[in-house]
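Here is how the chains run, residue by residue.
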Amino acid sequence: GFLLKHFISVPDELSAEVSRSLPWIACLLPLTLVAAAGAGALESRELFLLVNLIQIVSMSLAQIAPVIMAVFVSPSLMVVIPTAATAQALGAIVLLVFVYRLEGPFSLRALDWDEARKLLGYGGWIGCEYRPKAGTLAGLGWAQRWGIGG
């Protein structure tokens, strides 16, 4: 209710369907984060081909399955969005199965706390600065060529 009333403009005839779909949409963010963590774990072992294959199949399924469901079952958001979320969950599960097979179960007892403290202990600032030779407007001249700005 609150999100639809104050932040998202949805026609009245669709608001009920959209509000019933929001929990499914909300679960997509954690699923994406879990899948990215699994992909990162596999990539740290330099298994790039495996990660790419899993992600290609997973993303293809997440794109194709909702379309198939919309055509053959119903174009309702209550059919299409759960299908997309389920496909995303399957991809995350496949990634995590491979991670589990390679890494084994994770235990906080096995964590090297001294190494973690060293990695997280840097307290300084890191910054990057860009100073164009001819000034800011000249440095952003490329933006005008692309139609950005005045």
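See the structure printed just above.
The rules behind the values
Residues numbered from 1 in each chain as written. Predicted model: local features only at pLDDT ≥ 70, side-chain atom pairs only at ≥ 80, totals over all residues. Heavy atoms only, no water. Helix = DSSP H or I, 4+ residues; strand = E, 2+ residues; numbered from the N terminus. Patch = residues over 30% accessible without salt bridge, like charges linked within 9 Å, V, L, I, M, F, W, Y side chains within 5 Å. Areas by Shrake-Rupley, 256 points an atom, 1.4 Å probe, with all protein chains shown as cover. Salt bridge = Lys/Arg side-chain N within 4 Å of Asp/Glu carboxyl O. Buried < 20%, exposed > 50% of the residue type's maximum accessible area, 1.4 Å probe, protein only. Axes fitted to C-alpha atoms, helices over the stretch in contact; angles between N-to-C directions. Parallel < 35°, antiparallel > 145°, perpendicular 65-115°, else oblique. Contact = heavy atoms within 4.5 Å. Nonpolar A, V, L, I, M, F, W, Y, C, P; charged D, E, K, R; others polar. Core = buried A, V, L, I, M, F, W, Y, C linked by side-chain atoms within 4.5 Å.

## Some details on unusual backbone geometry
The phi angle at Glu 46 is positive, at roughly 60°, despite the residue not being glycine. Looking at the secondary structure, you find Glu 46 in the loop between helix H2 (12-44) and helix H3 (48-72).

## A few points about a nonpolar patch on the surface
On the surface, Ile 64, Val 67, Ile 68, Val 71, Phe 72 and Val 73 cluster together into a nonpolar patch covering about 620 Å² of accessible area. Summarising the element assignment, Ile 64 is placed in helix H3. Take Ile 64: its relative accessible area is 49%, and that puts it in the partly exposed class.

## Thoughts on the packing of H2 against H3
Packing of H2 against H3 brings their axes to within 8 Å, and their N-to-C directions diverge by 155°. It follows that H2 is roughly antiparallel to H3 by the angle criterion. Residues Ala 39, Leu 42 and Glu 43 of H2 lie in contact with H3, whose contacting residues are Phe 48, Leu 50, Val 51 and Gln 55. Looking at the contact of H2 with H3 residue by residue, the classes come out as five nonpolar, one polar and one charged.

## A closer look at the nonpolar core
Core analysis: the biggest nonpolar cluster contains eight residues, these being Ala 35, Ala 39, Leu 42, Val 51, Ile 54, Ala 92, Leu 95 and Val 99. At the level of secondary structure, the elements contributing two or more residues to this core comprise H2, H3 and helix H4 (77-103). For Ala 39, the contacting residues outside a window of four places in its chain are Val 51, Gln 55 and Leu 95.

## Focus on the side chain of Ser 21
One can find Ser 21 in helix H2. Ser 21 gets classed as buried once you look at its relative accessible area, which sits at 1%. Ignoring sequence-local partners within four residues, the contact set of Ser 21 consists of Leu 77, Met 78 and Ile 81.

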